[in-house]
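Observations on chain architecture
Each chain, letter by letter, is given below.
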Amino acid sequence: MVEELLAGKMVDRKSKFYAHLYKIENLDDDVANIQKIHNKKYKKAAHHCYAAIVNGVDASRNDGEVGSPGRVLLELLHEYDLDGYMIMVSRIFGGIKLGQGGVARAFRNSGRGVINAYLENK
């Protein structure tokens, strides 16, 4: 079962980052379903990067993006000890290249923002 807990948007040099935090139970099935949702919802997004942990097993995907955003998002889930959760961030390119460090920072900030907002309102 997939439950969207919170979503947020961050803009960095005209690129838009749509971060979503989900509660998930099945790593393979739930991730696949969420990917389908994001592909439809954010058709203009060049990259849909995610990280997920279920029962101590983790998965992440960079989706061709530089800066290893999947790893960055996975580090956040471990930092906040969020087993049974998934972060998906869809990026719509704004025409200004951010570089590897800038991309990693933007994904980290958008992921941390949605996690913090969720934990504050939990």
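First things first, this report covers the structure right here in the doc. As the structure is a computational prediction, the values presented were derived from the model and not from experiment.

**What about the overall build of the chain?**
- Within the chain one finds three helices and five strands.
- Expected size for 122 residues packed as a compact globule is a radius of gyration near 14 Å; at 13 Å, the chain falls within 12% of this value.
- Considering only C-alpha atoms, the chain reaches an extent of 40 × 25 × 25 Å along its principal axes.
- Looking at the chain as a whole, 45% of its 122 residues qualify as buried.

**Focus on the pairing of strand β4 (residues 57-61)**
- Examined bridge by bridge, strand β3 (residues 47-54) and β4 share five bridges and lie antiparallel to one another. Following the sheet pairing, A51 is matched in β4 by S60.
- Linking two consecutive strands that pair antiparallel, namely β3 and β4, is a turn of two residues; a positive phi of about 50 degrees is found at N55 within it.

**Considerations on the nonpolar core**
- Among the nonpolar cores identified, the biggest contains 21 residues, and L21, L73, L77, I87, V89, F107 and I115 are the most heavily contacted of them.
- Where this core is concerned, the elements lending two or more residues are β2 (15-23), β3, α2 (69-79), β5 (85-92) and α3 (99-121).
- With six residues, α3 is the largest single contributor of residues to this core.
- Those residues in contact with L21 that lie beyond four places of it in its chain are E3, E4, L5, L6, Y85, M86, I87, V114, I115 and Y118.

**Things to note about unusual backbone geometry**
- Positive phi values are uncommon outside glycine, yet N55 reaches one of about 50 degrees.
- With respect to the secondary-structure elements, N55 resides in the loop between β3 and β4.

**Here's the deal with the packing of α2 against α3**
- It is at 9 Å that the axes of α2 and α3 come closest, and there the two elements cross at 30 degrees. Pair α2 / α3 crosses with right-handed handedness. Residue-level contacts link P69, V72, L73, E75, L76 and E79 of α2 to A104, F107, R108, G111, R112 and I115 of α3.

**Some points on the side chain of D12**
- By the secondary structure assignment, D12 is in strand β1 (residues 3-12).
- A distance of 3.1 Å separates polar atoms of two side chains, one belonging to D12 and the other to R13.
- Here D12 is in contact with F17, L98, G102 and A106, once residues within four sequence places are set aside.

**Observations concerning the pairing of β3**
- Among the eight residues of β3, eight are classified as buried, and the element is accordingly described as predominantly covered.
- In β3, alternate side chains face the same way, and those of H47, C49, A51 and I53 on one face and H48, Y50, A52 and V54 on the other are all buried.

How each quantity is defined
- Residues numbered from 1 in each chain as written.
- Predicted model: local features only at pLDDT ≥ 70, side-chain atom pairs only at ≥ 80, totals over all residues.
- Heavy atoms only, no water.
- Helix = DSSP H or I, 4+ residues; strand = E, 2+ residues; numbered from the N terminus.
- Rg over C-alpha atoms; globule rule 2.2 N^0.38 Å.
- Buried < 20%, exposed > 50% of the residue type's maximum accessible area, 1.4 Å probe, protein only.
- Pairing = 2+ DSSP bridges.
- Core = buried A, V, L, I, M, F, W, Y, C linked by side-chain atoms within 4.5 Å.
- Contact = heavy atoms within 4.5 Å.
- Axes fitted to C-alpha atoms, helices over the stretch in contact; angles between N-to-C directions.
- Left-handed = near helix turned anticlockwise from the far one by under 90°.
- Polar contact = N/O pair within 3.5 Å; in protein donor to acceptor, adjacent residues only side chain to side chain.

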